[in-house]
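Chains, contacts and geometry: an overview
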Amino acid sequence: MDSETRKLMLQKINEAKSLGRQLGFPNILYNEQYKELEIAGVLSHTYNEGQGPDAYTPDNEPCEYKSMSGNKGSFQYHWLSQDKVDKLKLTPHHYFAIYDKSTAELHHIYYIHIQHILPEIIESFDKGERERILLNKTKNIGAHKSFSLQKLIKLGATQVYPS
């Protein structure tokens, strides 16, 4: 990439960050918030830039978004704690977005209700708790759950975008 192209790209990135701050997003690039914003727009949800759910449905029900690049890999629920598990229980709608690895374009979004994945999330949290107790640790930092797209479909996920 030549220096002029690099300058232009950095200028556009900085413009996006500045616009994000003006709209109430302190750092739209942090933790890929821009993807959550895009997913909410595609699904006609209200994006939540603060703590809590990623967005709300038109019926004001909370949503959780996960994304990955490419068709191989998995969607991650990191750093599971009792508090996070309790919040997930109150977030019925979970959406999983797949972005093209080379172009970063949104390709597909799948939906599943929390009731279909919660047992496996709780199982992973409980396993982490057992390990924490066994190792006499004060925090459960190893508990996480990942789902492949194939696993989500097996559990009942359906494609909602493109419809």
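Fair warning: this is a prediction, and the values are worked out from it, not measured in the lab.

Rules used throughout
Residues numbered from 1 in each chain as written. Predicted model: local features only at pLDDT ≥ 70, side-chain atom pairs only at ≥ 80, totals over all residues. Heavy atoms only, no water. Helix = DSSP H or I, 4+ residues; strand = E, 2+ residues; numbered from the N terminus. Contact = heavy atoms within 4.5 Å. Areas by Shrake-Rupley, 256 points an atom, 1.4 Å probe, with all protein chains shown as cover. Lys, Arg positive; Asp, Glu negative; His and termini not counted. Charge placed at Lys NZ, Arg CZ, Asp CG, Glu CD. pLDDT = per-residue confidence, 0-100.

1. A word on the overall build of the protein chain
Looking only at helices and strands, the protein chain features 5 helices and 8 strands. Of the regular secondary structure in the protein chain, the N- to C-terminal order runs α-α-β-β-β-β-α-β-β-α-β-α-β. Seen along its three principal axes, the alpha-carbon backbone of the protein chain occupies a region of about 55 × 40 × 30 Å. For the protein chain, long-range pairs separated by at least 24 residues make up 55% of all intrachain contacts whose partners lie at least 6 apart in sequence. On the protein chain, roughly 10,400 Å² of surface is accessible, and the fraction owed to carbon and sulfur atoms is 52%. Averaging the coordinates of the 20 positive side-chain charges in the protein chain and doing the same for the 20 negative ones gives two points 7 Å apart.

2. Some details on the confidence of the model for the protein chain
The pLDDT averaged across the protein chain works out to 91; a share of 98% of its residues lies at or above 70. The least confident element of the protein chain, judged by mean pLDDT, is helix H1 (residues 3-22) at 87; the most confident is strand S8 (residues 158-161) at 98.

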